[in-house]
Each structure stands twice: as structure tokens, then as C-alpha cells.
Amino acid sequence: MSYLVLARKYRPQLFEDVVGQAHVTRTLANAIEAERVAHAYLFCGPRGVGKTTAARILAKALNCAKGPSATPCNKCERCTEITDGRSFDVLEIDGASNRGIDEVRELRENTRYAAASGGYKVYIIDEVHMLTKEAFNALLKTLEEPPSHVIFVLATTDPFKLPATILSRVQRFDFARIATRDIAGHLKKLMKKEKIKADDDALALVARRAQGGLRDALSLMDQILSASEGKLDRPAVENLLGLVGEEFLFSLVDAIADQDAARTLSLLHETYTQGADLEEVAKGLTAHLRDLFILSVGSDLGDLVDASDTSLERYQEQTAKFNPETLSRLLDYAATASATLRRSENPRLTLELALADMARLSGLMPMSEIVERVLALEERLGGVPEASDSVAAKASPAKAKAAPAPKKAVTAPSAQPVRKKKDLELETPEPVVDRAPPKSVPVSAAQASSESSEAAPAGGAQKLTGTLWDACLESLKTKNIRLWGTLHGVKALIDEDSDSFQVKIGERQNALQREAFSDPKTVTLLESTLKEVGAPNPKVMLGDIQEGAVDPETKSPEDERGMGEVMKDEPIIQKVIDMFKGDVLP
Amino acid sequence: MPKFSEVIGQESVHRLLEGALERDRLPHAYIFHGSPGVGKTTTAFALAQRLNCLEATQGDPCGACSPCRKYERLQHPDLHWHFPMPASVKGGKRAEEIRKQLDERLEPGIFRFHFSTAASIAIGRDKDTRAGSVAELRHQAGMHSVEARTKVFVISEADRMTDAAANSLLKILEEPRPGNLLILCTSNPGALLDTILSRCQALRFRDLTEDEIVALLQEKLAEPPSKKEAQLAAALAQGSLSRATGLVEEEVVEQRDRAVRFLNLLPDSPESHLAVADLVAMKDRVLIERLFDFGDLWLGDVLRVLAGSSVPLANRDAEALVREHARSLTIPEIKRRMAVLKEARRALRGNVYLPLILRDVIEKLHDRTAIPVG
């Protein structure tokens, strides 16, 4: 007699033996005890959790010679017949290969005949999701009102493939994935029965690997048992299942933490030549980083991490090497690599690239730190956030240096070395500056510089009305943020000659702003907003007013004094003048 | 001659099978998965033969007893082999055509099966393994074996089974009649249904190392390639002996050099126009794809140099040039270029106008500001 795999050998024969589905088995047992058995059931849930098994036990419970009872005897003729699958009254139909309307018609014909044993006739239709639409429809009437001796049990992994008309006619039971520790516990019991010594750690690994399917776990166990010698421990299991060892993952992530791209590649090369599956490596790395990430979120979340207590400490240690933000980005990288690996032309290369990139990434400053530093910088330069004008005014005293400045500005104030040397070698301009916060510095600086020069001529026009315009812009923020984005910082020229309130925009504004002012929709919106904030009779127009029309004393000193005067302030020019006793021509 | 010892590098799988036989723990269903051409089918056949060999108690089947001889000619009535129909064969004149295709498919030069239509080989009706073929399998599995102890069903490229076919395998995979063994071979186990994976023991066949491939190529082929050629082919073959065998028959070194030249063409230079015209004239999309593969391989080597890694280079014969290129590239730039090649590959498969693809690649490889799509 050939060997029977564990999953078949230890297929539960009683409701109480079914692992982890108490909510289903108890309900079924109670229904049998209370003689309230429905005529049609649907068992659904992921693979290997006990759907078919539960269906068979139900059949036995109903047909057992000792009377319908929740605990079939498993000894009487009827029970053994059902267990062996040769009962005339329990028909197990493979829905995937008998999926047509003809098969269902035949089945319907047969339901009319009483059970050979006098009990119930149980039809177990497995993989019922594969039935064709016509077959489903042919089944409807029978499923609704079958003869009193007939009970249907439909089993499937994909209940959503069943038509609603079927679903509404059956009692549905959802089988849950089995918890890892339940699987591990069950494996332990079985190993005892098989008289095999196994570490809890090893069994837990198998259980995790099974991902909620008990049959998966048993298939894995079979595979391990067919090859292992003596005691089962974790390394043996890792080895036999071709898993990526914990040890390897720790050293790989250590290498990433040390920004040692070379070491990551060597480690990968080594494990690959030893026959590791690259997909497993990527999956293992992702899972490992996920654990680290979880621990970085809260060190008391150890329960969510698949690790024994001894290795949990190591996880904690390794977590401490990273910033949480870096970890989440690393995790993102690893997950992406893991997902693209299968479709990749050259998986090894893809993984190598990802690892080298991750090693580089772990050395870059996390975004939160950059933001922090920018804020600190802002504070040093003059405090309050809205003072971005003043920051810019100081940062760009009419020199065109504003643009390249920010990066230096960000890193300069810190006394400690920003990066380690290694990372400078691999450094590239891309990742640090490509996010919003650091960028916002040059933008606001440039903008503010244009503002400050613009503000000067306009600012003095009318103080009171100037604040009205500001108020208008402020309320625009809630109405049309895009327009506000375009217009904010615009200092309009306000003309109150007439009793109307006129807003004009100077020629120095940029094209986008001018365009906004020439759009009638914008103009109407602005006018109505101005009215709301209390301007009498507002009128918005594109300014054709001369810059000269502005009161001369409000001009900025630079405008007033002309280029020559300004240049004189420059120390170097001062030096030249002193040396040659010259003067600067206006 | 299907023998375990013919299959190189899969000792751990063979140990496991041996252990299962020894302890009488052979399950009813296996999934053999691993890269193409690493010995999955060979092992499956060897296992079938071994199971029914009258002499052998360990290691290879004897090859001399009567069942063994039948297996070796693939004429044993209890060996069933299901595989997707070679795509280009349609209806009608099947047998001859398939025989020819099979001979071609079965790794010329490494070993050769004798194919006979008399053996019970069920073939899908269409290019995929269809439900019809599985129905045949179920029928066969329901009957007693003719003479063997264990009836073996080998399903090649099992991931190509249609949904219906795969589902109708489920019941039989779970509880087949005693004395049946199903072996599903696939290079893409992820494409199999969860419900199938959960019912089988999955054995992974590892990729062959480059050294193993080099050694095998030089040892087994009728015209052994030069060390340099073998090395390149092995690096490109990604652990698959059959892929490497195919590669050495072409002029790999020359192709590689062409690829490197191509990668460094300046856009709009006369050379680039010439190269594009040249490639277009060849009308060989496979060759162009290979060009991109070599490009990837080259960039991978540059990456290794950049990272300061001691992992041996694939293009170790041209190490100086790799190092030179490494001086002007950064890791993000390599990443970008690989993405460019990937995109080009997709365009190539999507049957995009050839000159367009090639010019685009040249253009994008040099435009460092370009961000490739996808």
C-alpha cells in the first residue's frame, strides 16, 4: 500500500477535530442536535482549511447508524463507507469536471430516489464555482426545494463566482484562515503521533509558511519528513524548504544599514550560488524589513512580529540602526523589487540593483530631519513662518545667488558631519532635493525676492486699501486656492481717485498673474470678493499705469539711488574705488 | 537516458526524493519548479523509471530491465506525459509535426528522447493544456496501471493550464487512486492556483551556477565553446542550461560587443544611424532583444564595480572597459538606463516600429534628464 500523505491520513473524522473552525462546527453540531438541519449549505473559505472535511463529517453525522448525531461513531458500516468514499448515499461530485448542464440534470433526476440506507442523501459538490451558468440555473429549483431526504453541501474557494440566486438559497458558512499558533499546535500533536521529535520553533516556521492553510502545512511537513534525519529544528526546516535563513537576512540588512553596497552584493552572490531562490530572498527581505518597521513604530508591538523571544531582541537591536522613515522607504523598495522580480528579464540584476540602491538610500538623510533643519534654519533667520518674505529678503539681497543656495543652507548650520564618507561617494543630487520641503526654500525665496522689489513701489499707495486687498486675497484662499496660488504676493496698485475702488496690477507682475487679471471670470470673482471684505464699488483691471505714477518716496532705496550707488556698497567695489580713487558712473 | 545522475546541480532534490523512496513517504503529487532547462522533466522521468525499475534500489534506475527500456523509449504504457501543444502546430498533420518539434525542444546535444506516438502521450487540443487533456488524464488515473507499480503522470508547463483544466485537476490531486503519482513541472509556480499548490509537495530545482554551466557546456557539447563564450552564455542564461546551450550556438561575444557599442552611441551621430539601419535590416527582433539583455548584463557589471563588490563580473573578459564606464555612471543613472532598456523591450514585444524603438533607446540612454515611463 502506498504512503498516505499526512493531510489524508489525519483528515478529521469528527467535528471537534476540525482545527480552528469552531464557529462553523459548533453551529453545525447544534443544528444536528436540534434537528434543524438546512437542506443546502455553502462552505466557503481559503484552501486547506477544512471545507470538504466538514462536509464529509456532516454527511456522516446525518447518516450514522446511531442516529443523526453530532458525533458520528465512525465504526458503523455507514460511517466507514462514507470515510472510504464508497457510500451510495453520499455523493461527492467534482464541480470542476462535472460542470455542465447535463451533469446537473442527471443529478436532479437522481435526487428523486430515496437513500439506499434509508437515511439522508447528501450531495457534496466540491469546487462548485466552476459550474457553468446554465448548470447553476438548472440547479436552482432543486436547491430551493429538494426532496426531504436530500441535503446539498456546496464547497468552494471562490464564493463570489456563484450567482446571487444560489447564494440566497443556501446557508453560508465562511471558513476562516487558521491562526498560525493553531496550526503549530496541531502539527505538534501530529508529530507526537508520528513519533517524531520537532522543535517548536521549527513547527512555528512551517505554520507561518502555510499562511493559514492546514493542508499547506501538512504538505510541507510531508516534504520535510521525507528528507530529514533525526530531530527537526529550525535550520533543518529552512534548509529543506529552501527558505532564506534568518541569519542571512540579519547580515543583509546590517550591510544595508552600513551602506555597504559591496557587501550586499557579495551576500546575494553567495546565497545565489548556493542555490537560493531569488524570489525567496526578496520575499524574505521584505518580511524582515516589515518586522523591523513594525518595531520601529512601537517597540511593544513584538506580538505582530513573527519572531521567537530570543530573536526579537536582535530585531530590536537592528531596528535601532534605522530611522523609521528610512525603514518605510526601504520596505517600499524591497516590496517593489519583490513584486517586479517575477516579471523581470534578469531577476538577479533587478535584485542587485535594488540592494545597491537600498544601501545608498539608508545613508541619505531622512526627510523628517531635512524638514527639521529647514525649520531650525528659518527660526534662526527670523522666526515666524509667515516671515518667509523676510527670510528671502535676507537670503537674497538682490543677488542672483538665491537658487543654488538652499542645499547649502540646509546642511550648513549643522555642526556635525551630515553624511558619512562612504555615502558621499555614492551620493547623487537626486534623492535629497527631490521632495517638496527643501525645494520650497528656493521657490519662496525667488518669489519673495520678486515680491519685495514689487512691494516697495506699491506698498505705500494706500495703507488702508492695501489691507483690504490683503483681506481679499486671504478669503480667496478658501474660494479658489489655485487663483490664490497665482496671485498671492501680488501687491496691487490701488487707485481711489474716484469713489470706486480700483485695483490695478503693475507691469512688473509675471505673465501668469497678468493673464489672471485679464480673465473676465477671475476679475468677477475678485470683484465680488473685494466687495465681501468691504471695498466700495470695486473694480479690477490690468494696470496700464506707469511705474512712475507711484509716489517717489515709496521707492526702494535701490530704485531711487540707481545701480551705481548700490554697487558702491559692495565691499569689493569699495576697495577698487579706494585703490584707484575713482568713482562709479551712474 | 533519463537518469538522476544526468541532472547536474539538483542534489538536494534528488536526496529528498531518495529519502522519500527510502522511508516510503512518497506523496501522490509533486510540483517540480525552477528555471527552464535545469532538469525538472528529466528528473520526473527518471523518478517514474526508478519507481518501476525491477533492479535498482538506490540511485539511478538500472536501464537494462524491461520496464526501464520501455521508459527510455517513452513507450511505457503507464507513463503519461501532458504538455502544451507546441504553438505552431495546428490540427491535421499532427504526429509527424509534433515529433519534429519535440526533437527540437528536447535540448539537442545534451540528451535526446526517442519520441513515439505509440506511447500514451496526451496532448492538449490547443496551444495550452486544456481541460480536454486533463479529462483524459482523469480517465487514465481512474484505471489500473497496465503493468507498473506506480503510474506516473507528468504535466509539463503546468502553469499554462487553463483555469478550467486546473480546477478539474483538484479532486484528483487531493485523493488519487493508490499507485498514482502526478508530477507538475513549471517554471512559474506563482501562476498555479493556490488550491493546487496546497495539495502538492513543491520541490524547487535551483538555478545552475555559472561555473556549473560553463563546465557542462564545455564537457557536453559536440563543439565545445571557448571559455570566453561559455562564460558569457552562462552569465546570460540565468541558471538555465538549455538557455545557455542555445546561446553558445550564436556568437555571443560578438553580440555582446555590438551591444556595448550600441549602448554608447551618440544620438544623431552617423554611427547611430548606421547601427539602427543595420539592426532594422536584420529584421530579427529576438536578436535585438538579446542586445538589450547584453545591455542589462553590462550595466549590472558596471553596478558591481561601482559598488566596489568583489562578485565576479559576467563580462570579465572586458573588465577594463567595464571599469572605464563605471567612472562616468552613478547608481541612479544605471537604474534609469535599465528602465530605458526595459521599456524598449516592452515596445519590442508590443510590435512597435523597429527604427522608432532603436532611436528612442539611443536618445534616452544619453538624455540624463529623461524619465522613462513605467
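Note that the structure is predicted; figures quoted are calculated from it, not measured.

**Student:** Quick one: what's the story with the overall build of chain A, residue by residue and with numbers?
**Tutor:** Each helix and strand in chain A was counted, giving 29 helices and 8 strands. Residue burial in chain A is summarised as follows: out of 586 residues, 48% are buried. Relative to all contacts within chain A whose residues are 6 or more apart in sequence, the contacts with residues 24 or more apart total 72%. For chain A, the accessible area works out to roughly 29,600 Å², and carbon and sulfur atoms hold 53% of it.

**Student:** Pulling in residues and values, what's your account of the overall build of chain B?
**Tutor:** Along chain B, the regular secondary structure elements total 16 helices and 5 strands. Looking at chain B as a whole, 55% of its 374 residues are labelled buried.

**Student:** Describe the environment of arginine 514 of chain A, naming the residues involved and giving the relevant values.
**Tutor:** In this structure, arginine 514 of chain A sits in helix α26 (residues 511–518). In this structure, the C-alpha to C-alpha distance between arginine 514 of chain A and methionine 541 of chain A, residues 27 residues apart in sequence, is 9.7 Å.

**Student:** Kindly report on unusual backbone geometry, identifying the contributing residues and their values.
**Tutor:** With a phi close to 50 degrees, glutamate 127 of chain A is a non-glycine residue in the positive phi region. In this structure glutamate 127 of chain A comes out as buried when scored by relative accessible area, which is 3%. Even without being glycine, asparagine 351 of chain B reaches a positive phi, approximately 60 degrees. Mapping asparagine 351 of chain B onto the fold places it in the loop between α15 (331–349) and α16 (354–366).

**Student:** How would you summarise the interface of chain B and chain A if you had to cite specific residues and measurements?
**Tutor:** The interface of chain B with chain A comprises 61 residues on the first partner and 61 residues on the second. Carbon and sulfur atoms make up 52% of the surface buried where chain B meets chain A, a total of about 5,000 Å² over both sides. Connecting chain B to chain A are 13 salt bridges. Where lysine 335 of chain B meets aspartate 357 of chain A, a salt bridge forms, and the shortest distance between an N and an O atom there is 2.7 Å. At the boundary of chain B and chain A, one finds 23 residue pairs in polar contact (both at pLDDT 80 or more). Among the secondary structure elements, those contributing two or more residues to the side of chain B that touches chain A are α1 (11–22), α6 (163–174), α7 (194–197), β5 (201–205), α13 (285–306) and α15 of chain B. When the residues that make up the side of chain B that touches chain A are grouped by side-chain class, the tally is 21 nonpolar, 18 polar and 22 charged.

**Student:** Please provide a residue-by-residue account of empty space enclosed by the protein, values included.
**Tutor:** Residues and elements named next belong to chain A. Across all of its chains, the model carries 6 cavities of 30 Å³ or more by this definition. Volume-wise, the largest cavity comes out at about 330 Å³. For the largest cavity, the lining is made up of 24 residues, of which Gly48, Val49, Gly50, Thr53 and Arg215 are closest to its centre. Breaking the lining of the largest cavity down by element, the ones donating at least two residues are α3 (51–63) and α10 (214–225). Class assignment of the residues belonging to the lining of the largest cavity gives a composition of 9 nonpolar, 7 polar and 8 charged.

**Student:** Tell me what's going on with the confidence of the model for chain B, and back it up with residues and numbers.
**Tutor:** Looking at chain B, pLDDT values average 79 and 84% of them are 70 or higher. Note on residues 87–92 of chain B: pLDDT is under 50 here. Beyond four places in sequence and across chains, it has 5 contacts.

**Student:** Which residues make up the sheet that holds strand β3 (residues 151–155) of chain B, and what are the values?
**Tutor:** Residue and element names in this part refer to chain B. Strand order across the open sheet formed by 5 strands is β2-β3-β4-β1-β5, with parallel pairing between neighbours. Each edge of the open sheet is held by one strand with a lone partner, namely β2 (79–82) and β5. The sheet shows a mean angle of 20 degrees between the axes of neighbouring strands, taken without regard to direction. With respect to the sheet, α1 is in contact with β1 (29–34) and β5, its orientation differing from that of β5 by roughly 145 degrees.

**Student:** Lay out a nonpolar patch on the surface with the relevant residues and their values.
**Tutor:** Residue and element names in this part refer to chain A. Taken together, the side chains of Ile572, Val576, Met579 and Phe580 present a nonpolar region at the surface, about 480 Å² in accessible area. Its place among the elements puts valine 576 in helix α29 (residues 571–580). For valine 576, a relative accessible area of 41% translates into the label partly exposed.

**Student:** Can you break down the packing of helix α12 (residues 246–257) of chain A against helix α13 (residues 261–273) of chain A residue by residue, with the values?
**Tutor:** All names here are of chain A. At a minimum axis distance of 8 Å, the contact between α12 and α13 shows a crossing angle of 155 degrees. By the angle between their directions, the pair α12 and α13 is classed as roughly antiparallel. Seen from α12, the contacting residues are Phe248, Ser251, Leu252, Asp254, Ala255 and Ile256; seen from α13, they are Arg263, Thr264, Leu267 and Thr271. Classifying every residue of the contact of α12 with α13 gives 5 nonpolar, 3 polar and 2 charged.

**Student:** Mind laying out the pattern of salt bridges, listing which residues take part and the relevant values?
**Tutor:** Considering all chains together, one arrives at 50 salt bridges over all chains under this definition. Among the ionic pairs, arginine 56 of chain A bridges to glutamate 175 of chain B, the shortest N-O distance being 2.9 Å. Taken together, the residues span two chains, with arginine 56 of chain A in helix α3 and glutamate 175 of chain B in the loop between α6 and β4 (180–186). With relative accessibility at 13%, the residue arginine 56 of chain A sits in the buried group. On the basis of relative accessibility, which here comes to 30%, the residue glutamate 175 of chain B falls in the partly exposed class. Measuring nitrogen to oxygen at the nearest pair gives 3.2 Å for the salt bridge that ties glutamate 18 of chain B to arginine 50 of chain B. One end of the pair, glutamate 18 of chain B, is in helix α1; the other, arginine 50 of chain B, is in helix α2 (residues 40–52), with 32 residues separating them in the sequence. Several salt bridges share partner residues, and in doing so they unite Arg11, Arg56, Glu92, Asp126, Glu127 and Arg215 of chain A together with Lys171, Glu174, Glu175 and Arg199 of chain B into one network.

**Student:** Explain the nonpolar core to me, using residue names and the numbers behind them.
**Tutor:** As a rule of thumb, soluble globular proteins bury nonpolar side chains together. By size, the foremost hydrophobic cluster in this structure holds 93 residues, and its most contacted members are Tyr30, Phe32, Leu47, Ile183, Leu217, Phe262 and Phe292 of chain B. It is α13 of chain B that provides the largest number of residues to this core, a total of 11 residues. The contacts of leucine 47 of chain B, once residues within four sequence positions are left out, are Phe4, Leu17, Leu21, Tyr30, Phe32, Leu181 and Ile183 of chain B. Among the nonpolar cores identified, the runner-up in size contains 57 residues, and Leu58, Ala70, Ile82 and Phe175 of chain A belong to it.

**Student:** Could you give an account of helix α4 (residues 77–84) of chain A, with specific residues and numbers?
**Tutor:** Residues and elements named next belong to chain A. Residues of α4 that are buried: Cys79, Glu81 and Ile82. The arc that holds the buried residues of α4, viewed along the axis, is 160 degrees, so those residues lie on one side. Residues of α4 that are exposed and angled more than 90 degrees away from the buried face: Glu77 and Asp84. Residues of α4 that are buried sit in contact with α3 and β2 (90–94). Once α4 ends, the next one or two residues include glycine 85, with phi positive near 75 degrees.

**Student:** Lay out the side chain of glutamate 280 of chain A with the relevant residues and their values.
**Tutor:** Within the secondary structure, glutamate 280 of chain A is located in helix α14 (residues 278–297). In this structure, glutamate 280 of chain A is in contact with Arg209, Gly242, Leu243 and Val244 of chain A, ignoring residues within four places of it in sequence.

**Student:** Mind laying out the packing of aromatic side chains, listing which residues take part and the relevant values?
**Tutor:** This model, assessed by the stated rule, comprises 8 aromatic pairs over all chains. Taken together, a centroid distance of 6.2 Å and an interplanar angle of 45 degrees make the contact between tyrosine 41 of chain A and phenylalanine 43 of chain A tilted. The pair formed by tyrosine 41 of chain A and phenylalanine 43 of chain A is uniform in burial state, with each residue classed as buried. Ring centres 5.0 Å apart and planes at 50 degrees place the aromatic pair phenylalanine 32 of chain B and phenylalanine 205 of chain B in the tilted group. Of the two residues, phenylalanine 32 of chain B is situated in strand β1 and phenylalanine 205 of chain B in strand β5; the sequence distance between them amounts to 173 residues. This pair shows no difference in class: phenylalanine 32 of chain B is buried, exactly as phenylalanine 205 of chain B is. Through pairs of rings, three or more aromatic residues link up here, namely Tyr41, Phe43, Phe173 and Phe175 of chain A. If you follow arginine 314 of chain A out to its NZ or CZ, it ends over the ring of phenylalanine 250 of chain A, 4.1 Å from the centre.

**Student:** Residues and numbers for the sheet that holds strand β3 (residues 121–126) of chain A, please.
**Tutor:** Residues and elements named next belong to chain A. Across the sheet, 5 strands lie side by side as β2-β3-β4-β1-β5; this open sheet has parallel pairing. For this open sheet the edge positions go to β2 and β5 (171–174), each flanked by a neighbour on one side alone. Each strand of the sheet is rotated relative to its neighbour by a mean of 15 degrees, with strand direction disregarded.

**Student:** So what about helix α5 (residues 101–111) of chain A? Which residues, and what values?
**Tutor:** Residue and element names in this part refer to chain A. For α5, the full list of buried residues reads Val104, Leu107 and Thr111. All buried residues of α5 project into a common sector of 60 degrees when viewed along the axis, lining one side. Structural note: α5 exposes Asp102 and Glu106 on the side pointing more than 90 degrees away from its buried face. Contacts made by the buried residues of α5 are with β2, β3, α6 (133–144) and β4 (150–156).

What counts, and where the lines are drawn
- Residues numbered from 1 in each chain as written.
- Chains lettered and ligands numbered in written order.
- Predicted model: local features only at pLDDT ≥ 70, side-chain atom pairs only at ≥ 80, totals over all residues.
- Heavy atoms only, no water.
- Helix = DSSP H or I, 4+ residues; strand = E, 2+ residues; numbered from the N terminus.
- Buried < 20%, exposed > 50% of the residue type's maximum accessible area, 1.4 Å probe, protein only.
- Contact = heavy atoms within 4.5 Å.
- Areas by Shrake-Rupley, 256 points an atom, 1.4 Å probe, with all protein chains shown as cover.
- Buried area = accessible area lost by both parts, 1.4 Å probe.
- Salt bridge = Lys/Arg side-chain N within 4 Å of Asp/Glu carboxyl O.
- Polar contact = N/O pair within 3.5 Å; in protein donor to acceptor, adjacent residues only side chain to side chain.
- Nonpolar A, V, L, I, M, F, W, Y, C, P; charged D, E, K, R; others polar.
- 1 Å grid on protein atoms, 1.4 Å probe; cavity = no way out; pocket = protein on both sides within 12 Å on 5 of 7 lines; lining within 4 Å.
- Points joined across faces, edges and corners; volume = space filled by probe spheres on them.
- pLDDT = per-residue confidence, 0-100.
- Pairing = 2+ DSSP bridges.
- Axes fitted to C-alpha atoms, helices over the stretch in contact; angles between N-to-C directions.
- Patch = residues over 30% accessible without salt bridge, like charges linked within 9 Å, V, L, I, M, F, W, Y side chains within 5 Å.
- Parallel < 35°, antiparallel > 145°, perpendicular 65-115°, else oblique.
- Core = buried A, V, L, I, M, F, W, Y, C linked by side-chain atoms within 4.5 Å.
- Arc of directions from axis to C-beta.
- Phe/Tyr/Trp six-rings, centres within 6.5 Å; stacked < 30°, edge-to-face > 60°.
- Lys NZ or Arg CZ within 6 Å of the ring centre and 35° of its normal.

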